[in-house]
Structure formats: structure tokens, C-alpha cells
Amino acid sequence: MIFNQKWKCSWSMTASIASGVALISIVHLFLFPVVPSFDYFSVRQVQNSCVPVNGSDGGRSGRDWENLRPIIALESRFPVDSHGAVVYRNTPWKAEIGQWLAGCDSITKEVNITEIIGGRSCQNDCSGQGVCNHEFGKCRCFHGFSGEDCSGRLHLECNHPKTPELPYGRWVVSICPAYCDTTRAMCFCGEGTKYPNRPVAEACGFQINLPSEPGSPKLSDWSKHDLDNIFTTNGSKPGWCNVDPKEAYASKVKFKEECDCKYDCLLGQFCEVPVQCVCINQCSGHGHCRGGFCQCENGWYGADCSIPSVASSVSEWPKWLRPAQLDVPDNAHLTNKTVNLNAVVKKKRPLIYVYDLPPEFNSLLLEGRHFKFECVNRIYDERNATYWTDQLYGAQMALYESLLASPYRTLNGEEADFFFVPVLDSCIITRADDAPHLAMQEHKGLRSSLTLEYYRKAYDHIVEHHSYWNRSSGRDHIWFFSWDEGACYAPKEIWNSMMLVHWGNTNSKHNHSTTAYWADNWDKIPSDKRGTHPCFDPDKDLVLPAWKRPDTSALSTKLWDRPLDKRKTLFYFNGNLGPAYPNGRPEASYSMGIRQKLAEEFGSSPTKNGTLGKQHAQDVIVTPDRSQNYHEDLASSVFCGVLPGDGWSGRMEDSILQGCIPVVIQDGIFLPYENVLNYESFAVRIREDEIPNLIKILRGFNDTEKAFKLANVQKIWQRFLYRDNVLLEAERQKTAFSRAEDWAVEFLQLVEDDVFTTFVQVLHYKLHNDPWRRQLSYLKKDFRLPQECLGTN
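None of these values were measured; they are calculated from a predicted model.

**Student:** Is there a simple way to think about the overall build of the protein chain in this case?
**Tutor:** Scanning the protein chain for helices and strands turns up 22 helices and 37 strands. Within the protein chain, the fraction of its 793 residues that count as buried is 59%. Once local pairs closer than 6 in sequence are excluded, the contacts in the protein chain between residues at least 24 apart make up 66%. With the model as given, the accessible surface of the protein chain reaches about 33800 Å², and the carbon-plus-sulfur share is 51%.

Structure representation (C-alpha cells):
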């Protein structure tokens, strides 16, 4: 009876609708098997039409069916060009994707979404040692604390157990001959010294052996401390823990050079300058960043303190939750127990729910860093001005922060189209040897195995504490694998999900681990953990660009816009070329041998034997010698090589950002956006066995063809920038310090779609062109139509 009243229709109409749904269900189950092919981006899922509808939050009446706008014939309205592309927002897409985006993406309508404003309290207010998730009433404990109320204190040693041969235990980054802060497994000078809070990082406290041969590196003896050089009070050469910075800077005293300031939140040769620590979104203005973990103000929670609770001020809510209409229960005043409230907000799909995972998967990994540059895209200088890093893996942090501040974010998992699982693998791998409590010994030294375990634990957590995984077997979940070989080591339980990677190896040719770093090799991970999946599935996954530091000079001089007649070098590649060259990587497996083959043919710098490449030419540069003006060299070239390193490298981004036509040489491996953009419009692919013919092929392009590709590179280059994340930081700096750095001024002038916008566009296409999703929408009990645009096969 409730069902009939809700729909305001007769029993006969109800029966008709039910029969129709049953028929549709049968048809869909026939067309799409129980385990359908999730060929999201392939030609098999071409959508010939879309139907824009006005979305709302609830069931539809019969009139809604009658008022649908006319179907848009996509193929006829948006025909492909001579290269098989359809241009949408100045970018050549694969035809079926470009057609749908051009016809449907721009007509997305806002829908009313009921957001959940948390009101549950946590046990003992987390004892002041954690942040309360007010939606679930669960504590997220700071580093070194544990328990339901964070009252338990962990004991995290800096050193492994000692042995007669190794009195400080076997080497680990946190190894400490001084005072160990066991809440963080970090080493400091300690009480009794002039500067007790000064870090004693790694080699600082141990004896250094001089090299046996000229030019060889110094080696630390991890079995012998060097307490004199850190604790002595000798007037002319005091120990590290007693050096007065003013006297040292005035060259009045000497000190141990191996001691430096590696930890975050501190700057200066002697760590004497406290600076802003790096936190996710810098705590969104609603908390204090304590070494990487946000200590949120009352009324706020989440990894970046961006989620308001019922105790927050509505006027301070983030943009993605405003304007909101609060729904306060009539009996709210009758109970002393605070409960979650609802707030109705207008939003556009796709809607993304970001899990507030326990901090071991993100915040604790940032808080415990032993080297401030690890896994972050920025740190802060003595003025607390932003210093952007060259950390290629910083893309993971950039995307995570953009999602948390995005208008596409929702707190209502029941309404979400996608679920993002924030596991910072870039921190896990770079920190694998940081401290004993990370338990590398259980993984036989394999960082890949340790990282897999983190992802599996995150999967276990969301299956145990949330209901969203089971509704799709994880197909609507998104995981980011940023490391060298991407999702090769993803646990088998999550492979149904969408993987964001920088390395799109389909394993069609290179069907094993290709890294030269044995600790990252995934071949030895048992199949009962990893399964037998490839590294990348182009039907469901996406390759995102790596992080590139905002380059004010390159932007202001518009290197990306340099015309063809100013590019005098035909082909350019600058990078490590292997063991034939001085300081070259010694492993034959490095770059899967591809860089080495290129150098054998076209090397423009002499090898150790003094030879050049067999086909070296004046307008072809293939060199391992570090360029003094790398970006200028790229911008002076027509074609630039995109070859692998230990898995992915940042050469595609380098080429595109300086307006150079990328030449991709890596078989069976997808580059950024390659399964959604039309690469033929702006890139060249050369098979590995075609390397000897490379220059002949490139000289075969006439000026018209080169100008066409170059023009497309110059149109899409901003899609390789994490502009959204950069502008979030610019806004924070302006709010906190009323300043705009040069990089902020340059980025504010950019208007084309960036990485985050591209990512959302791909999700939007995927949302409405996935057969499983369309099947689910027909089977929903309230018969709700997709909110914006429907496709038909």
C-alpha cells in the first residue's frame, strides 16, 4: 500500500510497470551476462544517442516520461575527422567518447542530493589523541596512539633487535644511537643536549668510512656509533646536538657534514627554523597540521578536516556543501543524543564518495616520513611559502586533495556513482624501510608485497564497515596505484575496480615485472594474493599523467606554444641510456632494453668506448648527458622520445608540456589517456622492432602532418597539468598570508581542462555508458531514471 501511495498510481498501472521492468530485466540479463564485460572505453560500447532529463532526488511520475527531450543523434551530429577523432573542448577524443561528451556532458543537470552531516560522538573524545569521525562515531588516532578512544600508546622502536655483530640492529632508515621518539620511530638528540629536539637522522650518528677508491661514495658503518660527533661539547668542533647555528653559519665551528635536516616541519642546516608541515589540503583551514596528520578543530573531521559535523557553523561549510537546506527532525529537541542530520545540496553527477579510511592508509604515512620530500608534491620554506617538488609520485596527493575539495564529492554513499579509496602507495613504497614497525621482514624485502598488503587491508576495512562494495562487487570503486609498474601488484580481491595508474602495461608483450629494482619486483608475489590479472585493463582503468612541478619560466615564455619553424631538432631524448655510458644504469633489464637499443642506433654522445650511434645525425639528439636547459631543448624539437624507465617515466608529460610531438616506443603499454584520447591526432607510435627505422619514419612526415600534430599537442597540454590542485594551494596561500606567488599568477591565467577535469569527464562517460550501470538503474526498486543523459545500444 505504501508503494502504491508513493507512486500515486493504480494497481493496474503498478502491474504494468512491474511487468515492463521484469521484461527489461530479462532482456538485460540476456544481453549482459552475470559477470559482464566492462569494456567501458571500447568501440563495442558506442552510444548512438543520449536523452537529457531534468534530474531530481526521488521517484518519477508518468509526466516525467512524457517530457523527455528529443534524442540527440550523436554519430550524425558529431562526425569523426580524418584521424578518427571527435573534438570536445579543444581535445581529440576517441570517436565514441568524444561524441557522447560533445552531446551529453555539457547538458548535465543539477540534482538534489541529501548530504549526511555527522552528529555521532566518539568514546572519550578520542582522549585528545585523535580525530572523531562524527558520521560513524569512530576515532582516527594520531601516530603512536591506538584503541577505541586512542588512549593506548604504541611503542614504535627506531632500531631492530641488536645482535653482537650489530649492536644497533640491522640497518633501517630510523636507526638511532641517540633518543628514539617511540610514538613516531624518529631519532632526536634528546635531553642533556643543547638542542634536544634536533633530529639525528640516519647516517648522522654513525661512523663514516672514507671511500677506498677516488670518486667512490662514503659508506656508513651501521655497527659503530659516532657519539663524539653528535654529543661532544668541544669548543671548536661541537657535536651535532650542541652546534649553535649562528656560530656554524659564521664558520666559527665545524660540524659533521652527514648530519642534515631531513624531517618535515623543520628547515635550516640545523633544523632551527620551524615551518609549516605538509598535510592533506593543509587541513582545509579547520585544523592544525602536526607532522602530516590533521588535528581538526571542534566540529570538523576527515583526513583534511573538510567534513563539518552538526557542531560546525554552516557559514564555514566548504563550497561543495553550499548552499544547503538543513533537514532537522521534529523530535531532535526531545533527545540529548546528537544524531546525524541531512542537508540537501544541488550537485552535478558524477558523484564521488571518498572513504574516510583509518589513518594508517594515508595520514600516518605522511606524519611518519623520515625524508620530507617523500611522496608529497610540496613542502614549505622559511616564509611558509610553497616549494613545489619534483616528486613524480606527487600526482597521487594532488588528485586526492582535488577530490576532497571537489563539487563532485558527496558524503552520501547511497547516492554516489563512484567510490574513491585513498591508499597512498607512493608513501608506502618510499617509506618501506623507514622503521621496524612497517614489518618489511614479513615480505622478504619486497616493497611490492608490503604495498599489496596495505591495499588488501583497506579492502577488508571497507567490506567490514561499509555496504557499498557488495552492491557492485567493487566495480564502482577507484584505486590509485602510482608506483613504477602501476597496479601489477593489486590484490586479486579488488581487480574488478577501476585502477588509476601511470603505467598502462597490458602484459601482452612484457608479461612479467620489468623493474630493475628487485624490491619492487612483483613476480614472486604468490598468486593466492595477487591473482593472475595483468597490470592494466584498458576497458576499465585509466592512465593519469605524473606530477610535474609548476614551472613559472616555461609557462611565462610559452615554450609549449613554440611554432614548427622554431623547432630545429628533429628528434630529442635525454636520459639514462644504460651500462654503455658513464654512470649508466648497469641492469640489462632497465627500460626493458628499449633505451639501450635507441642509443645503439642514434646515440649522439660517446659511449665508454668513445663510439656514437650507428645512425647518429646532426638533428637527432639521444644523450645521457644532463641538459642544462632541458625544457628549452624539448621546446626546440619537433619529436621527443617517450620511453620507459623502471616502468613508467615522466617523458610523455615532458614532451606534451613543452609542445613537442611525443614518439612512444613501448609495445603493449598505454600512456596517459591513451584509451580515451585519439593518439593518432597528436602522437606517433613506433614498435620496438622499428627502432632502427625511427628517423626514416619521422622524416617521412611532411610539414602539414607535423603542424597538425603539433597544433593538437598545443591544444591538450593543460590536460597534463594538475592545475586544480595548484590553485587550491594558491587559494590557501592567499587566505593565510595574502600573497600570490609567481606560479599562482601564471596558473590563474590557464583556462583549459586539466587532469582533474579530464578525470571527471571520463567518469561521466563511464557512468552512462557502462552496461552494468544501465542494468542496475532499470532494476532499482524506485525505477529512477539516470539523472542526465541516457544511451541506448
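**Student:** Can you help me understand the pattern of salt bridges in this one?
**Tutor:** Between side chains of opposite charge, a pair can form as their charged atoms come close. Summed over the entire model, instances satisfying the criterion amount to 39 salt bridges. Among the salt bridges present, the one from Asp 226 reaches Lys 256, with a minimum N-O distance of 2.8 Å. With Asp 226 in the loop between strand 13 (219–225) and helix 6 (228–231) and Lys 256 in the loop between helix 7 (245–249) and strand 14 (266–267), the pair connects residues that are 30 residues apart, well separated along the chain. Neither residue differs from the other here; Asp 226 and Lys 256 are each classed as buried. The shortest N-O distance in the salt bridge between Arg 378 and Glu 729 comes to 3.6 Å. In this pair, Arg 378 sits in strand 23 (residues 378–380) while Glu 729 sits in helix 19 (residues 723–737), placing the two residues 351 residues apart along the sequence. Considered together, Arg 378 and Glu 729 belong to a single accessibility category, that of buried residues.

**Student:** How do you make sense of the state of the cysteines when you look at a structure like this?
**Tutor:** Simply put, the disulfide is a covalent bond whose two ends are the sulfur atoms of two cysteines. Inspection of every chain in the model, using the stated rule, returns 15 disulfides. The partner cysteine of Cys 141 in its disulfide is Cys 150, sulfur to sulfur 2.0 Å. Negative torsions about the S-S bond denote left-handed disulfides, and the value of about -90 degrees found for Cys 141 with Cys 150 makes this one left-handed. Pair check on accessibility: Cys 141 and Cys 150 agree, each one buried.

**Student:** Sorry if this is basic, but what is going on with unusual backbone geometry here?
**Tutor:** A negative phi angle is the norm for most residues apart from glycine, just as the trans form is the norm for most peptide bonds. A cis amide bond links Arg 322 to the next residue, Pro 323, at an omega of -10 degrees. Assignment of secondary structure puts Pro 323 in the loop between strand 19 (307–308) and strand 20 (324–327). With an omega of 10 degrees, the peptide bond running from Arg 349 to Pro 350 counts as cis. Along the polypeptide, Pro 350 turns up in the loop between strand 21 (341–347) and strand 22 (352–354). The phi angle at Cys 150 is positive, at roughly 60 degrees, despite the residue not being glycine. You can see Cys 150 is positioned in the loop between strand 8 (145–146) and strand 9 (152–153). On the accessibility criterion, Cys 150 (1% relative accessible area) is buried.

**Student:** Would you take a moment to explain the environment of Asp 561 for this structure?
**Tutor:** Its place among the elements puts Asp 561 in the loop between helix 13 (552–556) and strand 31 (569–574). Taking C-alpha positions, Asp 561 is 6.2 Å from Gln 714, a pair spaced 153 residues apart along the chain.

**Student:** Explain the sheet that holds strand 20 here, please?
**Tutor:** Hydrogen bonds between backbone groups are what pair the strands of a sheet, and the pairing can be parallel or antiparallel. Read across the open sheet, the 3 strands follow the order 5-21-20; overall the sheet is antiparallel. Sheet topology places strand 5 (111–117) and strand 20 at the edges, where each strand pairs with a single neighbour. Direction aside, neighbouring strands of the sheet carry axes that sit 30 degrees apart on average. With 4 bridges joining them, strand 20 and strand 21 adopt antiparallel strand pairing. Among the inter-strand pairings, Gln 325 is bridged to a residue of strand 21, identified as Val 344.

**Student:** Just checking my understanding: could you explain the sheet that holds strand 22 for this structure?
**Tutor:** Strand order in the open sheet made by the 6 strands is 25-22-26-27-28-30, with parallel pairing throughout. Of all strands in the sheet, those bounded by a partner on one side alone are strand 25 (409–410) and strand 30 (542–543). Bridging between strand 22 and strand 26 (residues 418–421) involves 3 bridges; their strand directions are parallel. From the neighbouring strand, Ile 352 faces strand 26, where its bridge partner is Phe 418. On top of the sheet, helix 9 (residues 395–404) reaches strand 22, strand 25, strand 26, strand 27 (477–481) and strand 28 (498–501); it is set at about 115 degrees to strand 22, its chief contact.

**Student:** Any chance you could explain the packing of helix 9 against helix 19 here in plain terms?
**Tutor:** For any two helices packed against each other, the geometry comes down to the angle between their axes and how far apart the axes lie. The interhelical angle for the contact between helix 9 and helix 19, taken along N-to-C directions, is 70 degrees, at an axis separation of 9 Å. Between helix 9 and helix 19, the angle is such that the two are roughly perpendicular. The handedness of the crossing between helix 9 and helix 19 comes out as left-handed. Across the interface between the two elements, Met 397, Ala 398, Glu 401 and Ser 402 of helix 9 pack against Asp 724, Asn 725, Leu 728 and Arg 732 of helix 19. Classifying every residue of the contact of helix 9 with helix 19 gives 3 nonpolar, 2 polar and 3 charged.

**Student:** Before we go on, may I ask you to explain the nonpolar core in this structure?
**Tutor:** Across soluble globular proteins, nonpolar side chains show a tendency to be buried alongside one another. The biggest cluster of nonpolar side chains holds 144 residues, and the ones touching the most others in it are Trp 479 and Phe 571. Non-local contacts of Trp 479, meaning those with residues more than four positions away in its chain, are made with Val 421, Val 423, Tyr 455, Ala 458, Tyr 459, Ile 462, Trp 469, Ile 494, Ser 497, Met 498, Met 499 and Leu 500. Grouped together as the second largest cluster of nonpolar side chains are 29 residues, Val 131, Phe 145, Cys 296 and Tyr 301 included.

**Student:** Any chance you could explain helix 18 (residues 703–716) here in plain terms?
**Tutor:** Note: α-helices contain 3.6 residues per turn, so residues at a spacing of three or four share the same orientation. An ideal rise of 1.5 Å per residue puts 20 Å on 14 residues; helix 18 measures up with 20 Å between its terminal C-alpha atoms. Three or more residues of helix 18 are buried, namely Lys 706, Lys 709, Leu 710, Asn 712, Val 713, Gln 714 and Ile 716. On the buried face of helix 18, the contacting elements are strand 4 (91–94), strand 33 (637–642), helix 16 (651–657), strand 34 (661–664) and strand 36 (684–685). Put simply, Asn 702 is the residue that caps the front of helix 18, since its side-chain oxygen is 3.1 Å from the backbone nitrogen of Thr 704.

**Student:** Teacher, can you tell me more about the side chain of Asp 654 here?
**Tutor:** For Asp 654, the location among the structural elements is in helix 16. For Asp 654, a relative accessible area of 7% puts it in the buried group. A distance of 2.8 Å separates a polar atom in the side chain of Asp 654 from a polar atom in the side chain of Lys 548. Beyond its immediate sequence surroundings of up to four residues, Asp 654 is in contact with Lys 548, Tyr 630 and Leu 634.

Calculation notes
Residues numbered from 1 in each chain as written. Predicted model: local features only at pLDDT ≥ 70, side-chain atom pairs only at ≥ 80, totals over all residues. Heavy atoms only, no water. Helix = DSSP H or I, 4+ residues; strand = E, 2+ residues; numbered from the N terminus. Buried < 20%, exposed > 50% of the residue type's maximum accessible area, 1.4 Å probe, protein only. Contact = heavy atoms within 4.5 Å. Areas by Shrake-Rupley, 256 points an atom, 1.4 Å probe, with all protein chains shown as cover. Salt bridge = Lys/Arg side-chain N within 4 Å of Asp/Glu carboxyl O. Disulfide = S-S within 2.5 Å. Pairing = 2+ DSSP bridges. Axes fitted to C-alpha atoms, helices over the stretch in contact; angles between N-to-C directions. Parallel < 35°, antiparallel > 145°, perpendicular 65-115°, else oblique. Left-handed = near helix turned anticlockwise from the far one by under 90°. Nonpolar A, V, L, I, M, F, W, Y, C, P; charged D, E, K, R; others polar. Core = buried A, V, L, I, M, F, W, Y, C linked by side-chain atoms within 4.5 Å. Expected span 1.5 Å × (residues − 1). Polar contact = N/O pair within 3.5 Å; in protein donor to acceptor, adjacent residues only side chain to side chain.

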